[in-house]
Amino acid sequence: MKQQRPISITGGTLVTPAGLAEANLRLVDGLIDAVGAAVAEGDEVVEARGLLVTPGLVDCGVFAVDKPAFHFGGITRAALMPDQSPPLDHPSRVRYAAQSGKPDLWVHPLAAATVALGGTHLAEIAMMRDAGARAIATGRTWIADSGVMLRLLQYAAMLDMVVVSHAEDGGLAGRSASATAGEMATRLGLPSAPAEAEALAAARDIALAEMTGARLHLRQVTTRGALDLVRAAQKRGVAVSAGVTPAHFMLSDLALAGFRTFARLSPPLRSEDDRQAVLEALADGTISVVASGHDPRGPEDKNLPFADAAPGMAGAETLLAMVLTLVRDGVIDMPRAFDLVARNPAHLLGVPAGALEAGLEADVALVDPERPWVVDSRKMEASAGNTPFDRQPVQGRVTALWKGGVRITR
């Protein structure tokens, strides 16, 4: 799949790291040729009046390759978590995963930190890097053995690879917790774990990252205590970043009241105070990445009692609309929104995308930020419709998408 002729996108509002700009965007040979250039003879002209011209989204941490859902949501690149069957703990599996989305979606595999994600023996990380792994991940669980985590971070620092960690102390969270300890969990009679399980895990990982000089990304930081630790570490100069999914800035554990398993997530939904802390961290830059956490689960996993259902949500289609809600609510501005879902995750993965800058890959979306639609789990493009935002009215839709200068939606 190769761009056949130059494209000039005209009349739209470009969302760039420097701000919003009323300018043309020119795409040539799969790359962004120029921002603000005049239309050249022979260019295919795309009229974008009334629309935002944005980078394609880079989704940092998905559990399934789900092209229709990704394209609906404007996602052109996705970092695939190692929790596959079998796990991405071998170079050949990483190489296969890296090719699985081409040509219209680039999948960036995250190498399993340990063999079979068991948390005990380091996997062949250098070989997986050479096979296409863009980072190292602990998967859905935390590495409990601090010695193993120390060796992992030392090795990652030597390879200059970022470690993506799941910050949740398994000794406190256990295997059965489906809610955060507190009033809602007590009223509903749900097995729960204290919010401190996240802060304890984050504190250990940050301390080891500071000791080794390794780069650490805490994939989901959802509690005030853990966010305070991240913020303090960043001020000390520790190379730690934090991410979150829309569920944890849009919803609190009040959403569990109906026992609907679409709200059964990992980590579980938190208190309203924690949700407000996430919004504060998004506003002040402590959180630098918002990802979908896309994890489609069918009826066999969700049509169960709440505590027995598998955690996870289909998040790719709603990622952009939920982040645009932050803009409308005045939490962040539009350039910062696309830093969170495109530029920062691209930088984290070390890929030449995520911004409208000359020389980067021509992964571009046209977005109507005001277009209304209703999330409907029955009509989603994803392989399963397990969204906690079911039946919620939202605004913001992708109207066109290019991958490497080639249009993939109309």
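Along each chain, residues carry numbers from 1 onward, in the same order as the chain's sequence is written. Note on the predicted model: pLDDT of at least 70 is required for a residue's local features to be given, and 80 or more for side-chain atom pairs to be given and counted; whole-chain, interface and lining totals, by contrast, use all residues. Side-chain numbers here rest on the full set of heavy atoms in the structure, without hydrogens or water.

## A short note on the overall build of the protein chain
Check the secondary structure of the protein chain and you find 13 helices and 20 strands. For 410 residues, the compact-globule estimate of 2.2 N^0.38 gives 22 Å, and the C-alpha radius of gyration of the protein chain, at 21 Å, lies within 12% of that figure. Dimensions of the protein chain, computed from the C-alpha atoms along their principal axes, are close to 65 × 45 × 40 Å. Whether a residue is buried, partly exposed or exposed follows from its accessible area with a 1.4 Å probe, protein chains only, as a fraction of its type maximum: under 20%, in between, or over 50%, in that order. Burial analysis of the protein chain (410 residues in total) assigns 61% to the buried set. The long-range share in the protein chain, meaning contacts at least 24 apart out of those at least 6 apart in sequence, stands at 71%. Total accessible area on the protein chain is roughly 15,800 Å²; 51% of this is exposed by carbon and sulfur atoms. When charges are tallied, Lys and Arg are placed among the positive residues and Asp and Glu among the negative ones, while His and the ends of the chain are skipped. Where a charge sits is defined by one atom per residue type, namely NZ (Lys), CZ (Arg), CG (Asp) or CD (Glu). For the protein chain, the centre of its 39 positive side-chain charges and the centre of its 46 negative side-chain charges are spaced 3 Å apart. The secondary structure listing takes helices from DSSP runs of H or I that are at least 4 residues long and strands from runs of E that are at least 2 residues long, numbered from the N terminus. Each radius of gyration is computed over the set of C-alpha atoms, and the globule rule expresses the reference value as 2.2 Å times the number of residues to the power 0.38. Only heavy atoms enter the contact rule, under which two residues are in contact if any of them lie within 4.5 Å. Per-residue and other accessible areas follow the Shrake-Rupley method at a 1.4 Å probe size, with only the shown protein chains counted as cover for residues.

## Observations regarding the sheet that holds strand β4 (residues 25-28)
With mixed pairing, four strands are arranged side by side in an open sheet as β5-β4-β1-β6. If you trace the sheet from one side to the other, it starts and ends with β5 (31-35) and β6 (44-47), each paired once. Going across the sheet, the axis of each strand differs from the next one's by a mean of 25°, ignoring polarity. Any two strands with at least two DSSP bridges between them are considered paired. Where strand β1 (residues 7-10) lies against β4, three bridges are found, and the strand directions are antiparallel. The axes used here are C-alpha line fits, helices contributing only the stretch in contact, and every angle between their N-to-C directions lies in the interval 0 to 180 degrees.

## Observations regarding unusual backbone geometry
In this structure, the amide linkage connecting Ser85 to the following residue, Pro86, adopts the cis form with an omega of 0°. By the secondary structure assignment, Pro86 is in the loop between β9 (75-80) and α2 (91-99). For the bond running from Lys102 to Pro103, omega is 10°, close enough to zero to count as cis. Tracing the sequence through the fold places Pro103 in the loop between α2 and β10 (106-112). A positive phi angle is found at Arg391, which is not glycine, with a value near 70°. Relative to the helices and strands, Arg391 is located in the loop between β18 (364-374) and β19 (393-403). Given a relative accessible area of 64%, Arg391 falls into the exposed group.

## Quick look at the pattern of salt bridges
Counted as salt bridges are all cases of a side-chain nitrogen of Lys or Arg within 4 Å of a carboxyl oxygen of Asp or Glu. Counted under the stated rule, the structure contains 25 salt bridges. Arg236 is the salt-bridge partner of Glu210, the closest N and O atoms lying 2.9 Å from each other. Of this pair, Glu210 sits in helix α7 (residues 196-212) while Arg236 sits in helix α8 (residues 224-236), and the two are 26 residues apart along the sequence. Residue classification places Arg236 among the partly exposed positions, given a relative accessible area of 49%. Close ionic contact of Asp390 with Arg391 constitutes a salt bridge, the shortest N to O distance being 3.8 Å.

## Overview of the UniProt feature "domain: Dihydroorotase catalytic" (unreviewed entry) in the protein chain
UniProt positions are given in the numbering used here, feature names are shortened, and annotations may be inferred rather than shown by experiment. Per the UniProt record, "domain: Dihydroorotase catalytic" (unreviewed entry) is annotated on residues 73-224. Spanning residues 73-224, this segment combines 38% helix with 17% strand, and its end C-alpha atoms are found 29 Å apart.

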